[in-house]
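Letter by letter, the chains look like this.
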Amino acid sequence: MGIVQLLLSLLGLRRIADDGVPRDDASERASPSTQQSTGSRGPAAAGDARDFRLHFEDMFGSRHPPFFAGPYMRALEAAHREFKHLLLVLWSAEHDDSETMGRVLTHPDVVAYLSQPQFIVWAGDVARSEAFQVASTLEVTAFPFIALAAQKPQSRLGTAAGGQPQLQVVARIDGLPKLSTVPSAMSVSEYDDLARFVCNLVRDSIAQHEAELLVLRREQGALEAERRLREQQNVAYEASLARDREREAEARVREEAQRIERQREDDRLREEQRESELRKQWQWATFAQLLLVEEREAAAEGSSMCKLNLRLENGRRVVRAFPAGVEMQRLFDFVETRDVASEWESSGVTPYGSDLQSVSPPEGYTHEHDFVLVSQFPRVIFADRQAILKDALAASGMWPAATLIVEPLFEPDDDDDGNVKDGEIQG
């Protein structure tokens, strides 16, 4: 018995329940110094696996099963996560059968069989810390050692600390069967028999437990399908939320645009009302001034007068005499005040009280006339409000009497300059 076997027997390490493959608790069994320098997840453990592969290839060549390149715990986690079989190979360089095991692992049948994607192969030398911990936990009795581990349902095994199914040893070889005492003296057929023995042992164990592993794979597939479905539902839900948020944003934009439009319309109506009130006040104040001027003119004698027949925009006709020397502005103001004049004649009061002369023009208001005066035959447009009445009419042969029509101003066409020439005769 070698040194490692003696240490194992002296330590008397307990067997885990149902031959469970060691997990994180393996590192707890190592001494404090070993944990610091060769923890199963640290750089030293990764170096153990790499060094074993390099040593194996130096001795037997590069043809071998694909040894897992990382620490044992990562191999265990990968087998658990991917529902694969974990094949553990432990040997002691001091054991006589180690060379035989090396040659068996390079046998074409073994290499081809263990290279299938259903296997994860992890190998180590028990002279190194990590492999020693695994061997101690599994209570290996002889080397070289081979163990096949697979997942088992929770109902039969119980669960690990994290609530996940554990890997369990389903087949093991503690030392190779003695076919010859000297490896170099073994025949080709003996190596073939030993390779078939290893492959058949693994294959038979897989066949016995494949149904259970298939159940786990199906359960995992169902869980994965459920997870993907939840992800798809979450994606669809998020997309629906995004569309709802987009629609809500568009609705807010429309509501804001409608609010602004309503505000503009309200402002326009208020401005129109304000303009209408200012216009009405201007009309009353202008009407009051016209009455005063007419009273003074009536008292005066000898002034030359012009008789005008005015047809207002509403179709009403007004006949009135105007002094020859007044500006055309007087006629425009007269036309603008006909509505309030009618109100005054019918009620004798204004919106501002009964005292007509107390109505003053609105401050800051500039009145714009929206009409011109025209004659019909010939058609002459009178738009210059600073022109003298007699001069404007005489130039068109209409003195001392004329008929003028109040004609609204319209928006000019695009090809029109919009200018209205006073006294222009149109055919």
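Residues numbered from 1 in each chain as written. Predicted model: local features only at pLDDT ≥ 70, side-chain atom pairs only at ≥ 80, totals over all residues. Heavy atoms only, no water.

J.: Tell me about the packing of aromatic side chains, residues and numbers included.
T.: As enumerated under the stated definition, the model contains 12 aromatic pairs in all. Ring geometry for F56 versus F60: centroids 4.9 Å apart, planes at 45°, classification tilted. One end of the pair, F56, and the other, F60, are both in helix α4 (residues 43-60), four residues apart, so they sit about a helical turn from each other. Note on F56: relative accessible area 0%, which makes it buried. The buried category is assigned to F60, whose relative accessible area is 18%. (Phe/Tyr/Trp six-rings, centres within 6.5 Å; stacked < 30°, edge-to-face > 60°. Helix = DSSP H or I, 4+ residues; strand = E, 2+ residues; numbered from the N terminus. Buried < 20%, exposed > 50% of the residue type's maximum accessible area, 1.4 Å probe, protein only.)

J.: Residue-level account of unusual backbone geometry, with values.
T.: Following F377, the chain continues to P378 via a peptide bond in cis, the omega torsion being -10°. Its location among the elements puts P378 in the loop between β7 (371-375) and β8 (379-382). Note that the residue after W399, namely P400, is joined by a cis bond; omega there is 10°. Position of P400 relative to the elements: it lies in the loop between α13 (389-394) and β9 (401-408). Of note, F83 is a non-glycine position whose phi angle comes to about 55°, a positive value. Among the secondary structure elements, F83 is positioned in the loop between α5 (72-82) and β1 (85-91). A relative accessible area of 10% means that F83 is categorised as buried. Although it is not a glycine, E139 sits at a positive phi angle of roughly 50°.

J.: Tell me about the pairing of β1, and please be specific about residues and values.
T.: Within β1, seven of the seven residues are buried, which leaves the element mostly enclosed by the surrounding structure. In this structure, β1 lies alongside strand β2 (residues 119-125), joined through seven bridges in parallel fashion. If you follow L87 over to β2, its bridge partner there is V121. Where β1 meets strand β3 (residues 145-151), five bridges bridge the pair, whose relative direction is antiparallel. Note that in β3 the partner of L87 across the bridge is L148. (Pairing = 2+ DSSP bridges.)

J.: Tell me what's going on with the confidence of the model for the protein, and back it up with residues and numbers.
T.: Overall, the prediction assigns the protein a mean pLDDT of 80, with 79% of residues at 70 or greater. For the protein, helix α3 (residues 32-38) is the element with the lowest average pLDDT, namely 33, and helix α11 (residues 328-336) is the one with the highest, namely 95. Segment residues 1-42 is flagged for pLDDT under 50; beyond a separation of four residues in sequence, or across chains, it makes 79 contacts in the model. (pLDDT = per-residue confidence, 0-100. Contact = heavy atoms within 4.5 Å.)

J.: Go over the sheet that holds β3, please, and point to the residues and values.
T.: Strand pairing within a sheet occurs via backbone hydrogen bonds; the two strands may be parallel or antiparallel. Spatial strand order, β2-β1-β3-β4: four strands in an open sheet with mixed pairing. Looking at strand neighbours, the two that pair on one side only are β2 and β4 (167-174), the edges of this open sheet. Recorded for the sheet is a direction-independent mean angle of 20° between the axes of neighbouring strands. The pairing of β3 with β4 spans seven bridges and is antiparallel. For A147, the partnering residue across the bridge sits in β4 and is R172. Here helix α8 (residues 129-138) sits on the sheet and contacts β1, β2, β3 and β4; the angle it forms with β1, its principal contact strand, is near 105°. (Axes fitted to C-alpha atoms, helices over the stretch in contact; angles between N-to-C directions.)

J.: Give a description of the environment of V406 that names residues and reports values.
T.: Looking at where V406 falls in the secondary structure, it is placed in strand β9. Look at V406 and you get buried, because its relative accessible area is 6%. Along the primary structure V406 and L312 are separated by 94 residues, whereas in three dimensions their C-alpha atoms are 5.2 Å apart. Discounting chain neighbours no more than four positions away, the residues touching V406 are R311, L312, E313, V335, F371, V372 and L373.

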